[in-house]
Amino acid sequence: QAALQVIGHNIANANTEGYTRQRVELQSVPGQQLGSAYFGKGVQIETVARVGYDAFLTREANASRAMAAADEVRLRYLKSVESLFPLDEGSLGRLLNDALNSWVDVANSPGDSAARQVVLDRFDALAARLRDTSQRITDIAVGARLQASEVAKEINRLASAIAQVNDAIARTQGTGASPNDLLDQRDRLLARLNEQVQVTTQRADDGTLTVFVAGSLPLVLGNMAAELRVERADIDGDRQIKLQFLQGSSAYDVPTDFLGAGKLKGLFDFVNRDVIQTQAELGRMALVIGSRVNAQHVAGRDLDGNPGVALFAFDPPAVLTNSSTATLAASVSSATLGQLVATDYQITVVASGFLIRRTSDGYYYNGSAWGPSQTPAGALPSTLGGINLTLGGAAAVGDQFWIRTAADAAASLDVLITQPRQLAAAAAGTSNPRFDAGNAQAMLALRDE
């Protein structure tokens, strides 16, 4: 009857996700000697065991599930960003070429107001496209940050459920029975938890599992569950996020590099790495275009013979800090424009100098070269990847600075000139700007750069 009951249970759960088939383990009851014969006493149930369960394979499957979940969510957001950079007629490269090529008609006919208006319209279209692309990247990142918060809530819910099942397993196993269905339920919860964040487990003598996250943080300990929380980063918090581990009334910041895999890892990589790098690349493009066009435009004369003014307006490199006494100024000059690197920098003041980290690849600057080891630079360099640095005030150990090299340039790029007459198409020393196109020819030469 017991065997038939277990068979019926198996049949009923044939399509239940995560169910492990069970089998009745039978054992002969020791017999008794009566006279010259030895009489057996039948059979008894030793246990109802789970068939085919393999702890190693289960752990490997969970690890693979975590990696797949991280890659999947990151790929989905990266595809959204990729769609902002088409390669056809609407590409940024085509808009830039159109803007520079529009100087051809001005060079051929410097006094033609219609040709001058075309130049303004095309440069305005380029600036608008860069601003719109930057804003849409920001919008995508906002969605990823919101999803990261929701994933953290799901992790906390699953951790609480595992803690409750742990408690039930401990109480049942104390009676000597094997709670197979509860073990299956816990395995299902662990599989779902690994999709959200990769965890490791350790079995206790009472049958409970301790669940560790980020290496060694006990997310579940017996029948107690801790929590994860997604917060704004201490510096650059309008773009970046950080992970906190909450246990009781204490909260600890968790280095996200310690997260092995899972959706949460993929979202953190996208928000704190992919978006930052993409905005740096886009901003570098805007900053270089704006700087080079402005430098050439101010070298000419407009239709009224006045010196040229800046064609573009854009924000310079920004510095964020947690310091109350020290300041760090960052700028880009014409001499360093060609050295400009599309990356942000994180600078931390330590006892032996400045720990300078490049966000594009995570390398550190030791004062002479970049490398993977966390070796501080003894002094702050005056130029870093094309950025001129000036430290003011007294920097204290623990002060941090985050340099946005060019991320704000794309979001702020705008055309300053509104009147066609203000275009500086003539050379600086011209006597008749209506027929001189020396500076327009120089503008066309920018296409080769």
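See the structure printed just above.
First, a word on scope: everything that follows refers to the structure included in this document. (Residues numbered from 1 in each chain as written. Predicted model: local features only at pLDDT ≥ 70, side-chain atom pairs only at ≥ 80, totals over all residues. Heavy atoms only, no water.)

1. Quick word on the environment of Leu423
Along the chain, Leu423 turns up in the loop between strand E22 (414-415) and helix H9 (438-445). Residues contacting Leu423, with those up to four places away along its chain left out, are Trp103, Arg116, Val119, Leu120, His297, Arg301, Asp302, Leu303 and Leu311. (Helix = DSSP H or I, 4+ residues; strand = E, 2+ residues; numbered from the N terminus. Contact = heavy atoms within 4.5 Å.)

2. With respect to the sheet that holds strand E11 (residues 250-254)
A sheet is described by the order of its strands in space; here 3 strands give the open sequence E9-E10-E11, paired in antiparallel fashion. The open sheet is flanked by strand E9 (227-232) and E11, the only strands paired with a single partner. Recorded for the sheet is a direction-independent mean angle of 35° between the axes of neighbouring strands. Pairing analysis gives 6 bridges linking E9 to strand E10 (residues 241-247), with the strands arranged antiparallel. Paired with Leu228 across the bridge in E10 is Phe245. Along the sheet face, helix H5 (residues 113-173) touches E9 and E10 and points at about 165° away from the line of E9. In the packing of helix H7 (residues 263-297) onto the sheet, the strands contacted are E9 and E10, and the crossing angle to E10 comes to about 145°. (Pairing = 2+ DSSP bridges. Axes fitted to C-alpha atoms, helices over the stretch in contact; angles between N-to-C directions.)

3. Some points on the side chain of Thr336
Within the secondary structure layout, Thr336 lies in the loop between strand E14 (327-331) and strand E15 (345-350). Leaving out residues up to four positions away in the same chain, Thr336 has contacts with Thr383, Gly386 and Asn388.

4. A closer look at the nonpolar core
Nonpolar side chains tend to gather and get buried jointly when the protein is soluble and globular. Within the largest apolar cluster, 97 residues are counted, with the highest numbers of intra-cluster contacts made by Trp103, Phe123, Leu193 and Leu264. Sorting elements by how many residues they give to this core places H5 first, with 22 residues. Beyond its immediate stretch of four places on either side in the chain, Leu193 contacts Ile155, Leu158, Ile162, Val199, Val211 and Leu219. (Core = buried A, V, L, I, M, F, W, Y, C linked by side-chain atoms within 4.5 Å. Buried < 20%, exposed > 50% of the residue type's maximum accessible area, 1.4 Å probe, protein only.)

5. Some thoughts on the pattern of salt bridges
Under the definition given, this model contains 23 salt bridges. In this structure, Arg74 engages Asp274 in a salt bridge whose closest nitrogen and oxygen atoms are separated by 2.7 Å. Of this pair, Arg74 sits in helix H2 (residues 55-82) while Asp274 is found in helix H7, placing the two residues 200 residues apart along the sequence. Since its relative accessible area comes to 29%, Arg74 is described here as partly exposed. (Salt bridge = Lys/Arg side-chain N within 4 Å of Asp/Glu carboxyl O.)

6. Let's talk about the pairing of strand E20 (residues 387-392)
In the case of a regular strand, side chains alternate between the two sheet surfaces. One ladder, built from 5 bridges, connects E14 with E20; its direction is antiparallel. Looking across to E20, one finds that Ala330 is bridged to Leu389. Examined bridge by bridge, strand E19 (residues 383-384) and E20 share 2 bridges and lie antiparallel to one another. Among the inter-strand pairings, Thr383 is bridged to a residue of E20, identified as Asn388. Joining the antiparallel neighbours E19 and E20 is a turn of 2 residues, in which Gly385 adopts a positive phi near 55°.

7. Concerning the environment of Tyr38
Its place among the elements puts Tyr38 in strand E3 (residues 37-39). Taking relative accessible area as the criterion, Tyr38 reaches 58% and is therefore assigned exposed. Note: C-alpha distance between Tyr38 and Thr321 (283 residues apart in sequence) is 88 Å. Residue contacts for Tyr38: discarding those within four places in its chain leaves Gly31, Gln32 and Gln33. Within polar-contact distance, the side chain of Tyr38 engages the backbone oxygen of Gly31 at 3.1 Å. (Polar contact = N/O pair within 3.5 Å; in protein donor to acceptor, adjacent residues only side chain to side chain.)

8. Points about the packing of H2 against H7
Remark: H2 packs on H7, axes separated minimally by 7 Å, with the N-to-C direction vectors making an angle of 30°. For the element pair H2 / H7, the angle class is roughly parallel. With respect to the hand of their crossing, H2 and H7 are arranged in right-handed fashion. Contacts between H2 and H7 involve Ala69, Ala70, Val73, Arg74, Tyr77, Leu78 and Val81 from the former and Lys263, Gly266, Leu267, Asp269, Phe270, Asp274 and Thr278 from the latter. Of the residues contributing to the contact of H2 with H7, the split by class is 8 nonpolar, 2 polar and 4 charged. (Parallel < 35°, antiparallel > 145°, perpendicular 65-115°, else oblique. Left-handed = near helix turned anticlockwise from the far one by under 90°. Nonpolar A, V, L, I, M, F, W, Y, C, P; charged D, E, K, R; others polar.)

9. Regarding the sheet that holds strand E8 (residues 224-225)
Strand order in the open sheet formed by 4 strands is E5-E6-E7-E8, and the pairing between neighbours is antiparallel. Strands with a single pairing partner mark the edges of an open sheet, and in this sheet they are strand E5 (199-203) and E8. Seen against the sheet, H5 touches E5, strand E6 (209-213), strand E7 (217-221) and E8 and runs at an angle of roughly 50° to E7.

10. Re helix H6 (residues 180-196)
Helix length check: H6 (17 residues) gives 25 Å between terminal C-alpha atoms against 24 Å at 1.5 Å per residue, within 8%. Every buried residue belonging to H6 is among Asn180, Leu183, Asp184, Arg186, Asp187, Leu189, Leu190, Ala191, Leu193, Asn194 and Gln196, and all of these are buried. (Expected span 1.5 Å × (residues − 1).)

11. Focus on the environment of Val309
Here Val309 lies in the loop between H7 and strand E12 (312-313). Counting along the chain gives 10 residues from Val309 to Ala299, while the straight-line C-alpha distance between them is 8.5 Å. Beyond its immediate stretch of four places on either side in the chain, Val309 contacts His297, Val298 and Ile417.

12. Section: the packing of aromatic side chains
All told, the structure shown has 4 aromatic pairs when counted by the stated rule. With centroids separated by 5.1 Å and ring planes inclined at 45°, the aromatic side chains of Tyr365 and Trp370 adopt a geometry described as tilted. Among the residues examined, Tyr365 registers a relative accessible area of 15% and is labelled buried. By the ring-pair criterion, three or more aromatic residues cluster together here, those being Tyr345, Tyr365 and Trp370. Above the plane of the ring of Trp370 lies Arg358, whose end atom (NZ or CZ) is 4.3 Å from the centre. (Phe/Tyr/Trp six-rings, centres within 6.5 Å; stacked < 30°, edge-to-face > 60°. Lys NZ or Arg CZ within 6 Å of the ring centre and 35° of its normal.)

13. Observations regarding the side chain of Gln296
The residue Gln296 is located in helix H7 in this model. By relative accessible area, Gln296 is classed as buried at 18%. Apart from the residues within four sequence positions on either side, Gln296 is in contact with Asn439, Ala442, Met443 and Leu446.

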